[in-house]
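Survey of secondary and tertiary structure
Below are the chains, spelled out letter by letter.
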Amino acid sequence: MSALEQMYQQILLDHAKRRVGDGLLEAETGHRSGESHQHNPVCGDQIRLRVDVDGDSVHAVSWEGDGCSISMASASILAEMARDMGRVEFLDVLTELRELLRSRGTKEGDEEILGDAAAFAGVSKFPARVKCAMLAWVAAEAALAASDDSTAVAAF
Ligand code: ZN
(Lines give C-alpha, C1' and ligand atoms only; values in the text may rest on other atoms or scores of the structure.)
Protein backbone atom coordinates (compact mmCIF):
# COMPACT_ATOMS: atom_id res chain seq x y z
CA MET A 1 0.00 0.00 0.00
CA SER A 2 1.38 3.42 -0.93
CA ALA A 3 1.74 6.24 1.59
CA LEU A 4 -1.20 8.01 -0.02
CA GLU A 5 -3.38 4.91 0.18
CA GLN A 6 -2.45 4.51 3.84
CA MET A 7 -3.40 8.13 4.52
CA TYR A 8 -6.74 7.65 2.77
CA GLN A 9 -7.35 4.45 4.73
CA GLN A 10 -6.71 6.36 7.96
CA ILE A 11 -9.16 9.13 7.00
CA LEU A 12 -11.88 6.52 6.39
CA LEU A 13 -11.18 4.69 9.66
CA ASP A 14 -11.24 7.95 11.63
CA HIS A 15 -14.54 9.05 10.13
CA ALA A 16 -16.17 5.63 10.55
CA LYS A 17 -15.47 6.05 14.28
CA ARG A 18 -16.22 9.77 14.65
CA ARG A 19 -19.51 9.73 12.74
CA VAL A 20 -19.74 13.51 12.33
CA GLY A 21 -23.39 14.58 12.02
CA ASP A 22 -24.76 11.39 13.57
CA GLY A 23 -28.13 12.21 15.16
CA LEU A 24 -30.90 14.02 13.31
CA LEU A 25 -31.21 17.74 14.08
CA GLU A 26 -34.12 20.09 13.51
CA ALA A 27 -33.44 22.94 11.09
CA GLU A 28 -32.90 26.35 12.62
CA THR A 29 -35.55 29.05 12.56
CA GLY A 30 -35.77 30.71 9.15
CA HIS A 31 -33.96 27.85 7.40
CA ARG A 32 -35.38 25.26 5.07
CA SER A 33 -34.96 21.58 5.56
CA GLY A 34 -35.19 18.44 3.47
CA GLU A 35 -34.83 14.80 4.27
CA SER A 36 -34.14 11.61 2.39
CA HIS A 37 -33.95 7.96 3.29
CA GLN A 38 -31.70 5.75 1.18
CA HIS A 39 -31.03 2.05 1.32
CA ASN A 40 -28.29 0.01 -0.29
CA PRO A 41 -29.73 -3.50 -0.64
CA VAL A 42 -26.42 -4.96 -1.86
CA CYS A 43 -24.66 -4.26 1.44
CA GLY A 44 -27.57 -3.51 3.79
CA ASP A 45 -26.50 0.08 4.50
CA GLN A 46 -29.19 2.59 5.24
CA ILE A 47 -29.29 6.25 6.06
CA ARG A 48 -31.83 8.93 6.86
CA LEU A 49 -30.22 12.26 6.16
CA ARG A 50 -31.47 15.78 6.80
CA VAL A 51 -30.16 19.05 5.38
CA ASP A 52 -30.59 22.43 7.04
CA VAL A 53 -30.41 25.00 4.25
CA ASP A 54 -29.78 28.69 4.83
CA GLY A 55 -30.42 30.60 1.61
CA ASP A 56 -27.76 29.44 -0.89
CA SER A 57 -25.76 27.52 1.68
CA VAL A 58 -25.95 24.18 3.35
CA HIS A 59 -25.95 25.15 7.01
CA ALA A 60 -25.70 21.63 8.42
CA VAL A 61 -26.22 17.98 7.56
CA SER A 62 -27.37 15.47 10.15
CA TRP A 63 -28.16 11.80 9.73
CA GLU A 64 -28.90 8.51 11.37
CA GLY A 65 -28.05 5.22 9.84
CA ASP A 66 -26.43 1.90 10.03
CA GLY A 67 -24.12 0.09 7.69
CA CYS A 68 -20.59 -0.83 6.74
CA SER A 69 -17.65 1.36 7.68
CA ILE A 70 -17.39 2.82 4.17
CA SER A 71 -20.99 4.04 4.21
CA MET A 72 -20.67 5.47 7.72
CA ALA A 73 -17.32 7.14 6.96
CA SER A 74 -18.88 8.64 3.86
CA ALA A 75 -21.80 10.15 5.80
CA SER A 76 -19.38 11.54 8.36
CA ILE A 77 -17.08 13.10 5.74
CA LEU A 78 -20.09 14.57 3.97
CA ALA A 79 -21.49 16.11 7.17
CA GLU A 80 -18.14 17.62 8.07
CA MET A 81 -17.48 19.02 4.61
CA ALA A 82 -20.98 20.34 3.91
CA ARG A 83 -21.19 22.52 7.01
CA ASP A 84 -21.71 26.11 5.87
CA MET A 85 -20.71 25.20 2.33
CA GLY A 86 -22.30 26.94 -0.64
CA ARG A 87 -24.91 24.77 -2.28
CA VAL A 88 -23.28 25.04 -5.73
CA GLU A 89 -19.90 24.17 -4.26
CA PHE A 90 -21.41 21.17 -2.48
CA LEU A 91 -22.98 19.88 -5.71
CA ASP A 92 -19.56 20.27 -7.40
CA VAL A 93 -18.03 17.99 -4.77
CA LEU A 94 -20.86 15.51 -5.31
CA THR A 95 -20.35 15.47 -9.10
CA GLU A 96 -16.59 15.07 -8.75
CA LEU A 97 -17.02 12.23 -6.25
CA ARG A 98 -19.53 10.45 -8.47
CA GLU A 99 -17.11 10.62 -11.43
CA LEU A 100 -14.27 9.38 -9.25
CA LEU A 101 -16.30 6.44 -7.93
CA ARG A 102 -17.49 5.45 -11.38
CA SER A 103 -13.97 5.55 -12.83
CA ARG A 104 -13.08 2.00 -11.77
CA GLY A 105 -9.73 3.16 -10.52
CA THR A 106 -8.79 5.20 -13.60
CA LYS A 107 -9.28 8.63 -11.95
CA GLU A 108 -7.52 10.04 -8.92
CA GLY A 109 -10.03 12.77 -8.27
CA ASP A 110 -9.32 16.45 -7.75
CA GLU A 111 -8.33 16.79 -4.11
CA GLU A 112 -8.87 20.55 -4.26
CA ILE A 113 -12.54 19.91 -4.87
CA LEU A 114 -12.94 16.65 -2.98
CA GLY A 115 -11.15 17.39 0.29
CA ASP A 116 -11.38 14.33 2.55
CA ALA A 117 -13.75 12.67 0.07
CA ALA A 118 -10.67 12.05 -2.11
CA ALA A 119 -10.05 9.18 0.30
CA PHE A 120 -12.64 7.17 -1.65
CA ALA A 121 -10.27 6.88 -4.64
CA GLY A 122 -9.44 3.28 -3.67
CA VAL A 123 -13.13 2.34 -3.43
CA SER A 124 -13.63 2.98 -7.15
CA LYS A 125 -11.65 -0.20 -7.86
CA PHE A 126 -14.37 -2.20 -6.12
CA PRO A 127 -17.66 -1.64 -7.98
CA ALA A 128 -19.62 -3.51 -5.30
CA ARG A 129 -18.59 -0.88 -2.72
CA VAL A 130 -19.31 2.20 -4.84
CA LYS A 131 -22.92 2.33 -3.61
CA CYS A 132 -21.71 2.21 -0.01
CA ALA A 133 -19.57 5.29 -0.58
CA MET A 134 -22.22 7.11 -2.63
CA LEU A 135 -25.22 6.42 -0.38
CA ALA A 136 -25.00 9.48 1.89
CA TRP A 137 -24.31 11.74 -1.09
CA VAL A 138 -27.33 10.47 -2.99
CA ALA A 139 -29.38 11.07 0.16
CA ALA A 140 -28.00 14.62 0.44
CA GLU A 141 -28.80 15.33 -3.20
CA ALA A 142 -32.40 14.17 -2.70
CA ALA A 143 -32.70 16.02 0.63
CA LEU A 144 -31.51 19.25 -0.99
CA ALA A 145 -34.09 18.86 -3.74
CA ALA A 146 -36.76 18.23 -1.08
CA SER A 147 -35.70 21.37 0.80
CA ASP A 148 -36.61 23.45 -2.27
CA ASP A 149 -40.24 22.45 -1.79
CA SER A 150 -40.27 23.06 1.94
CA THR A 151 -41.26 26.24 3.67
CA ALA A 152 -38.85 27.95 6.02
CA VAL A 153 -39.07 26.96 9.65
CA ALA A 154 -41.33 29.51 11.30
CA ALA A 155 -40.30 31.46 14.36
CA PHE A 156 -42.38 30.90 17.45
ZN1 ZN B 1 -21.83 -0.87 2.57
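The paragraphs below set out a description of the structure included in this document. Remember, predicted model here, so these are calculated numbers, not experimental data. (Residues numbered from 1 in each chain as written. Predicted model: local features only at pLDDT ≥ 70, side-chain atom pairs only at ≥ 80, totals over all residues. Heavy atoms only, no water.)

**As for the environment of Ile 47**
Here Ile 47 shows up in strand S2 (residues 45–54). When the C-alpha positions of Ile 47 and Ala 136 are compared, they lie 6.8 Å apart, and in sequence the two are 89 residues distant. (Helix = DSSP H or I, 4+ residues; strand = E, 2+ residues; numbered from the N terminus.)

**So, the packing of helix H1 (residues 3–18) against helix H2 (residues 69–82)**
Across the interface, H1 lies against H2 with an axial gap of 7 Å and an inter-helix angle of 85 degrees. As summarised for this structure, H1 and H2 are arranged roughly perpendicular, according to the angle between their axes. Contacts between H1 and H2 involve Ile 11, Leu 12, His 15, Ala 16 and Arg 18 on the former and, on the latter, Ser 69, Met 72, Ala 73, Ser 76, Ile 77 and Glu 80. Considering only residue class, the contact of H1 with H2 consists of 6 nonpolar, 3 polar and 2 charged. (Axes fitted to C-alpha atoms, helices over the stretch in contact; angles between N-to-C directions. Parallel < 35°, antiparallel > 145°, perpendicular 65-115°, else oblique. Contact = heavy atoms within 4.5 Å. Nonpolar A, V, L, I, M, F, W, Y, C, P; charged D, E, K, R; others polar.)

**Let's talk about helix H3 (residues 87–101)**
Taking 1.5 Å of rise per residue, the 15 residues of H3 would be expected to cover 21 Å, and the 21 Å separating its terminal C-alpha atoms lies within 8% of that figure. Within the sequence span of H3, burial applies to Arg 87, Phe 90, Val 93, Leu 94, Glu 96, Leu 97, Leu 100 and Leu 101. Residues of H3 that are buried make contact with S2, strand S3 (57–66), H2, strand S4 (85–86), helix H4 (111–114) and helix H5 (127–148). (Expected span 1.5 Å × (residues − 1). Buried < 20%, exposed > 50% of the residue type's maximum accessible area, 1.4 Å probe, protein only.)

**Observations regarding the coordination of the zinc ion**
Within the first shell, the zinc ion binds the protein through Cys 43 (SG), Asp 45 (OD), Asp 45 (OD), Cys 68 (SG) and Cys 132 (SG), at distances of 2.2 to 2.6 Å. Mapping the donors of the zinc ion onto the primary sequence yields the spacing C-x1-D-x22-C-x63-C. With Cys 68 in the loop between S3 and H2 and Cys 132 in helix H5, this pair connects stretches of sequence that are 64 residues apart. Of the residues examined, Cys 132 reaches a relative accessible area of 0% and is grouped as buried. (Donors = N, O, S within 2.8 Å, 3.2 Å for Na, K, Ca; no water.)

**A look at the side chain of Arg 50**
Mapped onto the elements of the fold, Arg 50 is located in strand S2. Here Arg 50 falls in the buried class, since its relative accessible area comes to 15%. Side-chain polar atoms of Arg 50 contact the side chain of Glu 35, separated by 2.8 Å. Those residues in contact with Arg 50 that sit more than four places away from it in its chain are Leu 24, Leu 25, Glu 26, Gly 34, Glu 35, Ala 60, Val 61 and Ser 62. (Polar contact = N/O pair within 3.5 Å; in protein donor to acceptor, adjacent residues only side chain to side chain.)

**Some words on the pattern of salt bridges**
In the structure shown here, the tally under the stated rule is 10 salt bridges. We note a salt bridge from Asp 22 to Arg 19, for which the minimum N-O separation is 3.0 Å. Given a relative accessible area of 38%, Asp 22 falls into the partly exposed group. Note that Arg 87 and Asp 148 form a salt bridge whose closest N and O atoms lie 3.1 Å from each other. Of the two residues, Arg 87 sits in helix H3 while Asp 148 sits in helix H5, which places them 61 residues apart along the sequence. Note on Arg 87: relative accessible area 19%, which makes it buried. (Salt bridge = Lys/Arg side-chain N within 4 Å of Asp/Glu carboxyl O.)

**Some remarks on the packing of H3 against H5**
As a packed pair, H3 and H5 sit with axes 11 Å apart at the nearest point and diverge in direction by 150 degrees. As summarised for this structure, H3 and H5 are arranged roughly antiparallel, according to the angle between their axes. Note that H3 runs across H5; the crossing there is left-handed. Contacts between H3 and H5 involve Arg 87, Phe 90, Leu 91, Val 93, Leu 94, Leu 97, Arg 98 and Leu 101 on the former and, on the latter, Val 130, Ala 133, Met 134, Trp 137, Val 138, Ala 140, Glu 141, Leu 144, Ser 147 and Asp 148. (Left-handed = near helix turned anticlockwise from the far one by under 90°.)

**Some details on the packing of aromatic side chains**
Tallied over the entire structure, the rule returns 1 aromatic pair. Considering the side-chain rings of Phe 90 and Trp 137, the 5.7 Å spacing of their centres and the 10 degrees angle between planes classify their relative orientation as stacked. Of this pair, Phe 90 sits in helix H3 while Trp 137 sits in helix H5; the two residues are 47 residues apart in sequence, bridging distant segments of the chain. With relative accessibility at 0%, the residue Trp 137 sits in the buried group. (Phe/Tyr/Trp six-rings, centres within 6.5 Å; stacked < 30°, edge-to-face > 60°.)

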